[in-house]
Structures are given as C-alpha cells and as structure tokens.
Amino acid sequence: ALLKEDDWSFIIKLHALFEAACTHLLLFHFKEPALDDILSRLELSDKARGKIAFLSKMELLDKEDRRLISTLSEVRNSLVHDIRNAKFDLRAMVAGFDAKQLEQFAVSFSPYESMWRRLDGKDGTLRQMIDPRIVDVSQLDKVIDRAKADPKVHIWIGAYNVLVSIVDSRGYSEYKQWLKAKALFSEDE
C-alpha cells in the first residue's frame, strides 16, 4: 500500500517502517524486553550511536543495506522540517540530479544489485554461475535507468530487499547467540 501514497507520505512511512524493523531486530538480538524504551528512542541512522551503528557492529546488517537506510533517513530529514515539503515529488527531485548525484541515488537504493556487482568482481566468474536476468538488472546503467524512470518504485524495490535482509538477520542473530552460548559452555568444561 505504500506505493499508493503520495511521495512525502511514502518516504515518511517507509522510514518509520525501518525504524520499527531495526528496533525489533535489536530487541530480538539482545533478547531483553527491558531495552525496548531505550532502543526505540535511538536515532535510526546515527552512524556512531544509532540503531545502524549497533546493527553494523553486530554484523546484522551489511554495508549496502545500511547505506539505503542512511540515504532514506537523509531524504526523510529533508522533508519533515518544512511543511512546504508536503508536496514533495520524487520524480522532480531525481530530475534535478546531475549524473553523479543520479548514480549515487540509484546505487544507494539498490543494495541487492550492488551486492551482485560486488560479488561478481572484476573477473566476472560469478556472472557465469547466476541467472543472466540477475546479471542484466544488476548492471549499473540498468539500475540508473530504473531510478530515473520511476524513483518511487526504485526505492521500494531496494527497501523491500533490505526489509527481507532484516527479517533474515533474525536467523543469523540466533546463530550468533548459539555460538556465544557454546563458547561459554566450552569454557566451563
């Protein structure tokens, strides 16, 4: 339903969704409900003291995913402090970008494609093993074209992938907790 929202509401609500998802992942990882009040009040994208900083240090959210959330926070912060921004238009914003800004916007909101480009490396060996459609849509020029053609959908596709990563991180968190517990029990023996 977020895609049906006006651009201002889309950004604000999507950011709120990430706030809640990141808080939930942190609470799940720490397994301490008493931290709810503290964690829910942490700023999302403060790279030194925010939720992103915790998720980074615990390796529960990778660099591309954190970049999307940080970029979304920057856009959101530019909107919330001035009522005139209620008529915000993503297409107009993107249309005003120069080539470098457009590339940065496109890459920031495409963590899934960025991951494939990073994993493929310079030799292209991964390219031979994965579905050619993934290779095709992950090409930088395709990502930039998608961002330019429909920035809202571009943001949503990237956000969806990060939200899936956050959900998947619960399993990784359980694994890390298990390793920690195993190490503690090993020391006692």
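Below is a short write-up of the structure. Worth saying up front: this structure is predicted, and the values here are computed from it rather than measured. (Residues numbered from 1 in each chain as written. Predicted model: local features only at pLDDT ≥ 70, side-chain atom pairs only at ≥ 80, totals over all residues. Heavy atoms only, no water.)

**Concerning the nonpolar core**
Here is step 1: If you look at the biggest cluster of nonpolar residues, it comprises 36 residues, and the most contacted ones within it are Ile-11, Leu-14, Phe-18, Ile-69, Ile-155 and Ile-166.
Here is step 2: With eight residues, helix 1 (residues 7-30) is the largest single contributor of residues to this core.
Here is step 3: In this structure Ile-166 touches Phe-18, Ala-21, Cys-22, Leu-25 and Leu-61, once residues within four positions along its chain are discounted. (Core = buried A, V, L, I, M, F, W, Y, C linked by side-chain atoms within 4.5 Å. Buried < 20%, exposed > 50% of the residue type's maximum accessible area, 1.4 Å probe, protein only. Helix = DSSP H or I, 4+ residues; strand = E, 2+ residues; numbered from the N terminus. Contact = heavy atoms within 4.5 Å.)

**Comments concerning the environment of Ala-48**
Here is step 1: Its place among the elements puts Ala-48 in the loop between helix 2 (36-41) and helix 3 (51-57).
Here is step 2: For the pair Ala-48 and Pro-33, spaced 15 residues apart in sequence, the C-alpha separation works out to 23 Å.

**Things to note about a nonpolar patch on the surface**
Here is step 1: A cluster of nonpolar residues, Tyr-172, Tyr-175, Trp-178 and Leu-179, forms a patch on the protein surface that exposes about 410 Å² of accessible area.
Here is step 2: In this structure, Leu-179 sits in helix 10 (residues 151-188). (Patch = residues over 30% accessible without salt bridge, like charges linked within 9 Å, V, L, I, M, F, W, Y side chains within 5 Å. Areas by Shrake-Rupley, 256 points an atom, 1.4 Å probe, with all protein chains shown as cover. Salt bridge = Lys/Arg side-chain N within 4 Å of Asp/Glu carboxyl O.)

**Overview of unusual backbone geometry**
Here is step 1: With a phi angle near 50 degrees, Lys-31 is a residue other than glycine that sits in the positive phi range.
Here is step 2: In this structure, Lys-31 sits in the loop between helix 1 and helix 2.
Here is step 3: On the accessibility criterion, Lys-31 (47% relative accessible area) is partly exposed.
Here is step 4: A positive phi angle, near 55 degrees, is found at Glu-59, a position not held by glycine.
Here is step 5: Tracing the sequence through the fold places Glu-59 in the loop between helix 3 and helix 4 (63-80).

**Some words on the pattern of salt bridges**
Here is step 1: In the structure shown here, the tally under the stated rule is seven salt bridges.
Here is step 2: The closest approach of N and O atoms between Asp-7 and Lys-152, which form a salt bridge, is 3.4 Å. With Asp-7 in helix 1 and Lys-152 in helix 10, the pair connects residues that are 145 residues apart, well separated along the chain. For the pair Asp-7 and Lys-152, one class covers both residues: buried.
Here is step 3: The closest approach of N and O atoms between Asp-150 and Arg-91, which form a salt bridge, is 3.7 Å. With Asp-150 in the loop between helix 9 (140-149) and helix 10 and Arg-91 in helix 5 (residues 90-95), this residue pair connects regions lying 59 residues apart in the sequence.
Here is step 4: Overall, the relative accessible area of 25% leaves Asp-150 in the partly exposed class.
Here is step 5: Residue class for Arg-91 comes out partly exposed when judged on its relative accessible area of 46%.

**Considering the packing of aromatic side chains**
Here is step 1: All told, the structure shown has four aromatic pairs when counted by the stated rule.
Here is step 2: Clustering of aromatic rings is evident, with ring pairs tying together Phe-97, Phe-105 and Phe-109. (Phe/Tyr/Trp six-rings, centres within 6.5 Å; stacked < 30°, edge-to-face > 60°.)

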